[in-house]
Amino acid sequence: MTGMQMSGKQAKRNIVVCKFGGSSVADADHVKKVRAILEADSRRSIVVVSAPGRRSKDDDKVTDLLYACNKLVQDGKSCKELFKKISSRYTDILTGLGMKADFLKPVLDEVRRCIDAGHGTDYAASRGEYLSARLVAEYLGWTFLDTADVVVINHDGTVHPATWQKLSESLDPKGKYVIPGFYGATADGVVKTFSRGGSDITGAIMARAVGADLYENWTDVSGVFMADPRLIPEAKVVQTMTYKEVRELAEVGAGVFHEEAIAPVMDAGIPINVKNTNDPSAPGTMIVPSRDCADIPLVGVSSRNGYSSISLHKMMLFKRTGIRHALLTMLHVFGIRPEFSLVGIDSIVWFYDSKQASESVLEAMKTRLKDEFELDSITVSSGYAVVGVVGEGIMGMSDMLSKATSALSRQNISLEFLNYGASDTSCLFGVRSGAKDETVRALYEALA
Ligand code: ASP
C-alpha cells in the first residue's frame, strides 16, 4: 500500500474530507443525497459518518438508543428487545436503498451479543457509527476503514500521536474510504469514544492526516447562524469565520461544530466548510485561519444557561499573599471550577457551572470557607446565564459596549456582570436566566 507522508504540516493534496452528521444518514433518502454529493466532486474521497440521527422531532438518535441498551445491561437486563429498534433503523435504510439486509444482519447480531455480554459503554455507543460506515461503504462500493484500528485515543480523550503513523500506513491516496466517526481505541486496543458530537473530531483528524484541501462538514442547516434561528428566525448565516471564533462561539453554547475538532485542522491550516446535505449548492460557512473583520466585526451571539455565583467578602482579605490561590484550591476540593471571576477591594465573585455542586456540597463548602478564612460573608446564588457576543472585530468597535448596554436597558434587562477584555474575540454579558433569550435578541438587533 502506498503510504502518505503524514504528521503535522504538509503539502496539500487534492483530497476533500467529508463528514456527514447524523441527520445526513438518518434515512435512505438522505444517504442517496450523500452519494449525489460525493459523485459531484471526485476530490471527495474520504467520508466520515455519524450514527443515524433523528428523522423527526420525537424520533430517537441511534447513539441514544445504544446508550440505553448499555444501561439495561448494566442493570442486569438484556437489551435484546430495545436493540430491535436499532436493527430496524439500519434495515429500513438498506431497504430504502434497494439493498439486501443480509450482509448487515450477522453484524447487527454480533453487536447486540457483545453489548449484552458487557463490552461496556464506549463499545456500545461506538456501534452506531460503526454500523453506519459499514452500510454506507457497501452502498457506495468504497473501502471501510475501522477507526478502532487507526485512531488512538489517550485516556483523557486527546489524540495519541501514533494515530498519524497508523493512518499513513492504512490510507492509499488513490483510495476511497468510508470511516466511522466518534471513536477510536486506546493504545491497548480498547474501543474508546470522544465526547458527544465527536465525529467532527474524527473528520478533522482525517483531514489533517491526508493534508486535505478542505474539510467539509455536512449537516442539515446551510451553515453557522449568527444566532439560534429558533430565537431569531431572521438570523443570517455567517459566510466566513475564523477557527478562534468557532471555539469562542461553541464555548458560549452554540452547537456549531465540536470545539475539539478545531485543533487538528488549525495546525495544518485546512479550511472547514459547513454545508447542508439538503441544499448542497448553498455556500455554507467557511471556517478559516483569519479573516478581514472591517465590515463584519462580529459573527454571532449565543448563550449558555446554568451558572451560579459564589461571592465572598472580608475586609483586607486580599492583602494576604497567596489568598486567591488558597481560596481556589478550597473550591477545587469541593469540585467547583469557576469559569470567571470579578474582584473587588474586599470581595471576590466566582461564576461556575451549577451542575458542579449539589446543595449539600455547597453548604459544606460555605461552612469550611467561612471558618477557615474567617469571612464576613459568603453567599451562593444560582440562575445566571451568560450571553456571548463573538467576533474578532469586536474590540475595534468603539461603540460596542454603549450600543449593547443601551439595548439591554431599553428592554429593562439588568446586567449582572460583564466579562470584557479577557478575550479579544468575545464579550460576555451575565444576566438572570429568565432574561437569557431576550438578551440574545436585544444584543443581536443592536450589534449584528
Ligand atoms: N453519534 C455521536 C453522538 O450522537 C457522535 C456524533 O454524532 O458526532 O454524539
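Up top you'll find the structure we're talking about.
Just so you know, these numbers come straight off a predicted model, no measurement behind them. (Residues numbered from 1 in each chain as written. Predicted model: local features only at pLDDT ≥ 70, side-chain atom pairs only at ≥ 80, totals over all residues. Heavy atoms only, no water.)

Peer 1: How would you explain a nonpolar patch on the surface if you had to name every residue and give the values?
Peer 2: On the surface, a nonpolar cluster with roughly 290 Å² of combined accessible area is contributed by Met 395, Leu 415, Leu 418 and Tyr 420. With respect to the helices and strands, Tyr 420 occurs in the loop between strand E15 (417–419) and strand E16 (426–432). (Patch = residues over 30% accessible without salt bridge, like charges linked within 9 Å, V, L, I, M, F, W, Y side chains within 5 Å. Areas by Shrake-Rupley, 256 points an atom, 1.4 Å probe, with all protein chains shown as cover. Salt bridge = Lys/Arg side-chain N within 4 Å of Asp/Glu carboxyl O. Helix = DSSP H or I, 4+ residues; strand = E, 2+ residues; numbered from the N terminus.)

Peer 1: Can you lay out the site of the ligand for me, pointing to particular residues and giving the numbers?
Peer 2: Inspection of the region around the ligand gives Ser 50, Thr 63, Glu 129, Phe 182, Arg 196, Gly 197, Gly 198 and Ser 199 as its neighbouring residues. A distance of 2.8 Å is found between an oxygen atom of the ligand and a backbone nitrogen or oxygen belonging to Gly 197. Between Ser 199 and the ligand, the recorded distance is 3.0 Å, taken from a backbone N or O atom to an oxygen atom. Alone, the ligand offers 270 Å² of accessible surface; in the complex the protein occludes 90% of this. The residue inventory of the shell around the ligand, partitioned by class, reads one nonpolar, five polar and two charged. (Near = heavy atom within 4 Å. Polar contact = N/O pair within 3.5 Å; in protein donor to acceptor, adjacent residues only side chain to side chain. Nonpolar A, V, L, I, M, F, W, Y, C, P; charged D, E, K, R; others polar.)

Peer 1: I'd love a proper account of the pairing of strand E13 (residues 347–353), names of residues and values included.
Peer 2: Of all seven residues in E13, five are buried, a share of seventy percent or more. The pairing of strand E12 (residues 340–343) with E13 spans four bridges and is classified as antiparallel. Considered in E13, the bridge of Val 343 is made with Ile 348. Between the end of E12 and the start of E13, which pair antiparallel, lie three residues. (Buried < 20%, exposed > 50% of the residue type's maximum accessible area, 1.4 Å probe, protein only. Pairing = 2+ DSSP bridges.)

Peer 1: Account for the sheet that holds strand E14 (residues 377–390), with residues named and values stated.
Peer 2: Here six strands make up an open sheet; going across it, the order is E12-E13-E11-E14-E16-E15 and the pairing antiparallel. The open sheet is flanked by E12 and E15, the only strands paired with a single partner. Neighbour-to-neighbour, the strand axes of the sheet open up by a mean angle of 30 degrees, direction not taken into account. As judged from the 13 bridges shared by strand E11 (residues 300–313) and E14, these two strands associate in the antiparallel manner. Its bridge partner lying in E14, Ile 310 is registered against Val 380. Across the face of the sheet, helix H14 (residues 436–447) comes into contact with E11, E14 and E16 while running at roughly 35 degrees to E14. (Axes fitted to C-alpha atoms, helices over the stretch in contact; angles between N-to-C directions. Contact = heavy atoms within 4.5 Å.)

Peer 1: Can you break down the nonpolar core residue by residue, with the values?
Peer 2: With 77 residues, the main nonpolar core has Val 17, Ile 46, Tyr 215 and Leu 443 as its most contacted residues. Counting residues per element, this core draws most heavily on helix H8 (residues 199–210), which supplies seven residues. Looking at which domains feed residues into this core, each of domain 1 (16–220) and domain 2 (300–447) supplies at least three. The residues touching Leu 443, leaving out its near neighbours within four places in the chain, are Val 301, Val 387, Val 389, Ala 404, Leu 408, Phe 429 and Ala 448. Core analysis: the second largest hydrophobic core is formed by 47 residues, Ala 28, Cys 79, Leu 108 and Leu 135 among them. (Core = buried A, V, L, I, M, F, W, Y, C linked by side-chain atoms within 4.5 Å. Domains from an automatic or database assignment.)

Peer 1: Mind laying out the packing of aromatic side chains, listing which residues take part and the relevant values?
Peer 2: Across all of its chains, the model carries nine aromatic pairs by this definition. Note on Phe 20 and Trp 218: the rings are 5.8 Å apart at their centroids and 15 degrees apart in plane angle, and the pair reads as stacked. With Phe 20 in strand E1 (residues 16–20) and Trp 218 in strand E7 (residues 214–219), the pair connects residues that are 198 residues apart, well separated along the chain. Both residues of the pair, Phe 20 and Trp 218, belong to the buried class. Ring geometry for Tyr 130 against Phe 144: centres 5.6 Å apart, planes inclined by 85 degrees, an arrangement best described as edge-to-face. In this pair, Tyr 130 is assigned in helix H5 (residues 121–140) and Phe 144 in strand E3 (residues 143–144), connecting sequence segments 14 residues apart. Of the residues examined, Tyr 130 reaches a relative accessible area of 13% and is grouped as buried. Members of the aromatic cluster, joined through ring pairs, are Tyr 307, Phe 340, Phe 351, Tyr 384 and Phe 417. The residue whose ring lies beneath Arg 127 is Tyr 130, and the NZ or CZ to ring-centre distance is 4.3 Å. For the cation-ring pair, Arg 127 lies above Tyr 183, with the distance from its terminal atom to the ring centre recorded as 5.2 Å. (Phe/Tyr/Trp six-rings, centres within 6.5 Å; stacked < 30°, edge-to-face > 60°. Lys NZ or Arg CZ within 6 Å of the ring centre and 35° of its normal.)

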